[in-house]
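Spelled out from the first residue to the last, the chains are:
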Amino acid sequence: MIDVILQAFASIVLDPVTLGLMFIGTLAGILAGAIPGFTIAMGVILTLPFTFGMTAVQGLATMLGVFVGGFSGGLMSCMLTGIPGTPSSVATTFDGFPLVRSGRPGLALGLGLWSSFFGGMISAVILVALAPQLAFLGLEFGPWDYFSLIIFALTITVSLSGGNITKGLIAGLLGLFAATVGEDEINGVARFTFGFDEFKQGFAFLPVLIGLFAFSQLLTDVEDDKRAKSPLMSQSGAIVKVEHRQAILIILKRWVNLFRSSFIGIFTGILPAAGGSISNILAYDQAKKASPNRSNFGKGEYDGVIAPEAANNATAGGALIMMMALGIPGDIVTAVMLGALMIHNIIPGPTFIQDEPLLAYGVFIAFFVAHFFMVGLQAFSLRIFLLVTKIPMYVLASVILAYCAIGVFALHNVVFDIWVMFFFGVIGYFMKKLGFPLAPMILGVVLGKLAELNLARATGISDDMILFISRPWSLFFLLMAIISVIFPFYQDAKKDSLFSKLYVPISMIVLSLPLFLMGSPVRMIVAIILVLTGGYFLYKRISSLNPI
Amino acid sequence: MNIKKDTIVAISLLLFCGIMINSSFDIEDPGYQGMKASFWPTIVLCLLSIMCLVMLIKSVVTEAENNLNSNDTNLTNVFFKFKNASICFLMFVLFLAFLDYLGMLIGGVLFVFGLLTMLGGFELKKIINHFIISIITIGIMWSIFTFGLKVILPEGEILRIW
């Protein structure tokens, strides 16, 4: 174990090429995160074609640099200009920008930077500790359980991606359908090819992903003629000296907020599709509720900067846990990383950490190291950021569109992939215009083949469909899927309605059933706790409905 | 005219599902044991059809909040609303259509230059800037992929003849 960790450490830290790639990746991530209209996911997607020629460790380490850098890049623009660079830094603007306005820009940046660092470190420790355990748990899964887990991943993506749940489900199903085009992996039979030989290979998921996400985003960015021609930011801020020492002392004094926010981030990251955009607001809200200085929030309160920044970086570790342990991407970024691994013929799953320990621990170490790069590069990237913000969006979009075409071609050296990217780019653009969320479709494309494969394995072993509800893990995930589909209705329901009051306790009691069926002592204890807590809430809420 | 966007989208998607379900009947059955190749796509398409039907019913029943007004159906307004996106689509299709002939290097430079000029404007100073930007950026990308990553990008008939 120790020798594997040391080897993985050497493959990252003692390899100047990998370190150099991580340096560039983190810098690119900080810039991608800082520019409004660009997201971290887009930064990682655009990095992908460069990783084709690298080893798997180098490719993932570079992407992790972009991922981690992106979170801290967002804080730079939101603090200096009041415009969040990414959705994951929206809550940082609430107190970060007022703190800068009050004449403490160096401290504000320091607080954001070091909160991101500590949040990332906490999540890295949890990642190292939890991912192997979760993978161990994943070894219990049969194809029935995996199929149900994928269904749960899709439904929770739909319910958390916001907006209309019907449209979300349609988007997810369209993604699953897109994954069926071409020869099926079980029988080798061509499906929906309409006589075109190119369709037989199916749609490679990376051109689909780049088209749906990056291409459609670029089209949206240049849609408004006036905005497309003006510089990325009208107010681009000024160079400031970061107050590192004072910021660290303030954060360490508020360690409860730091840990609470980091755990919120990790938990949110583990949930499919619930990324930094949700965790930073959740953590801010909890920090505000717990703070004795609640009235200071929104006016430059330190806790209001620490909470969202610690949470959004911790989200990255959470998302990686699911990908590393179960092979289920937690968000678009980890879906791209999954694609990068597949290019190197590595399929993440419960046996991934055992089968590829060097690579798995290399990812853990790269995640640690990326946070040190992030701190080191902040001051330097601030200067580049001020230069980049002077470029108009139409220039960036035009160049990146061409780059997408070159990058997608490099994947398999076929022009058809560029057509696929274009086709899905157009679809993605119009879906966005018509109010369809894109995340469920992307997850559908990524997980479609895996879902079909596991369904085929399950039905191949036994014709008995009851196994999908009689196997505890499968039942657990299916119940979670139903609960997640109902979740948006719970959010919209009136606070004092019967449905709103019963949703949480009944969900807890229902979820205890598969845990009881699992039989192991620890799971039985968790099930009993769930029943007792759910029962208590149910009693309290029913009593409040019928006051005697 | 009082048509809801969602109604049109739902009907279009239902049509799409109909065509695909019909096409799923043509999927060959090699007679192997286990799950047939058409089983999973049929499930997905049936669920998709049900959801599209729900969307259609919802769009008909609910209050009109997303209606197509005269501005949405006026072709001139539609063109101006999607002008830049349409330019991107058109330029990209042209780039792909001529890729075999022009290759990635020349085609890429022309694509970026054309798109920059169409989106940014036709003033002389801007045109010169766009030309320089397109040559530098595509040149760098082409060099990185060709020499750094050893990717054989489409050469194009023009360069091949030379």
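The shown structure was predicted, so the numbers you read here are calculated from the model rather than taken from an experiment.

What counts, and where the lines are drawn
Residues numbered from 1 in each chain as written. Chains lettered and ligands numbered in written order. Predicted model: local features only at pLDDT ≥ 70, side-chain atom pairs only at ≥ 80, totals over all residues. Heavy atoms only, no water. Contact = heavy atoms within 4.5 Å. Buried area = accessible area lost by both parts, 1.4 Å probe. Salt bridge = Lys/Arg side-chain N within 4 Å of Asp/Glu carboxyl O. Polar contact = N/O pair within 3.5 Å; in protein donor to acceptor, adjacent residues only side chain to side chain. Helix = DSSP H or I, 4+ residues; strand = E, 2+ residues; numbered from the N terminus. Nonpolar A, V, L, I, M, F, W, Y, C, P; charged D, E, K, R; others polar. Domains from an automatic or database assignment. Expected span 1.5 Å × (residues − 1). Buried < 20%, exposed > 50% of the residue type's maximum accessible area, 1.4 Å probe, protein only. Axes fitted to C-alpha atoms, helices over the stretch in contact; angles between N-to-C directions. Left-handed = near helix turned anticlockwise from the far one by under 90°. Patch = residues over 30% accessible without salt bridge, like charges linked within 9 Å, V, L, I, M, F, W, Y side chains within 5 Å. Areas by Shrake-Rupley, 256 points an atom, 1.4 Å probe, with all protein chains shown as cover. Disulfide = S-S within 2.5 Å.

Let's shift gears to the interface of chain A and chain B. At the junction of the two partners, chain A supplies 58 residues and chain B supplies 60 residues. Taken together, both faces of the contact between chain A and chain B bury some 5300 Å²; the carbon and sulfur share is 82%. Taken together, the connections running from chain A to chain B amount to two salt bridges. Residues D225 of chain A and K83 of chain B are paired through a salt bridge, measuring 3.6 Å at the closest nitrogen-oxygen approach. There are seven residue pairs in polar contact (both at pLDDT 80 or more) connecting chain A and chain B. Secondary structure elements with two or more residues in the side of chain A that touches chain B: α8 (165-178), β2 (190-191), α9 (205-221), α10 (225-229), α18 (393-412), α19 (416-433) and α20 (439-461) of chain A. Looking at which element gives the most residues to the side of chain A that touches chain B, the answer is α18 of chain A, with 12 residues. Tallied by class, the residues present in the side of chain A that touches chain B amount to 39 nonpolar, 10 polar and nine charged.

So, about the domain arrangement of chain B. The assigned domain composition of chain B is domain 1 (3-69) and domain 2 (82-161). For domain 1 of chain B versus domain 2 of chain B, the distance between C-alpha centres works out to 38 Å.

The next point concerns α18 of chain A. Residues and elements named next belong to chain A. Along its 20 residues, α18 runs 30 Å from first to last C-alpha, staying within 8% of the 28 Å computed at 1.5 Å per residue. Here α18 lies mainly inside the structure; 19 of its 20 residues are buried. Directly beyond the C-terminal end of α18, a positive phi value near 60° is found at N413.

We now examine the domain arrangement of chain A. All names here are of chain A. According to the domain assignment, chain A consists of domain 1 (2-183 + 196-225 + 242-456) and domain 2 (468-545). Each of domain 1 and domain 2 has a C-alpha centre, and these two points are 30 Å apart. Overall, the association of domain 1 and domain 2 removes approximately 1500 Å² of surface from exposure, summing both partners, and the carbon and sulfur fraction of that is 74%. For the interface between domain 1 and domain 2, the tally reads two salt bridges. Between R523 and E140 there is a salt bridge whose closest N-O contact spans 2.8 Å. Run the count over domain 1 and domain 2 and you get six residue pairs in polar contact (both at pLDDT 80 or more).

Our focus in this paragraph is the side chain of Q58 of chain A. Within the secondary structure, Q58 of chain A is located in helix α4 (residues 56-81). Every residue in contact with Q58 of chain A, bar those within four places of it in the chain, is listed here: D15, V17, T18 and L21 of chain A.

Here the focus is the packing of helix α12 (residues 255-270) of chain A against helix α14 (residues 302-326) of chain A. All names here are of chain A. As a packed pair, α12 and α14 sit with axes 6 Å apart at the nearest point and diverge in direction by 35°. Considering only the axes of α12 and α14, their crossing is right-handed. Here α12 contributes N257, L258, S261, S262, G265, I266, G269 and I270 to the contact with α14, which in turn contributes D303, I306, A307, A310, A311, A314, T315, G318, A319, I321 and M322. Its residues assigned to classes, the contact of α12 with α14 comprises 11 nonpolar, seven polar and one charged.

This paragraph deals with a nonpolar patch on the surface. A cluster of nonpolar side chains, contributed by L124, I128, I132, I136, I140 and I144 of chain B, occupies part of the molecular surface with about 560 Å² of accessible area. For I144 of chain B, the position within the fold is in helix α7 (residues 124-148).

Next up on the list: the state of the cysteines. Scanning the model with the defined rule gives zero disulfides over all chains in all. C404 of chain A takes part in no disulfide bond, and the closest cysteine sulfur to it belongs to C88 of chain B, at a distance of 12 Å. The buried category is assigned to C404 of chain A, whose relative accessible area is 3%.

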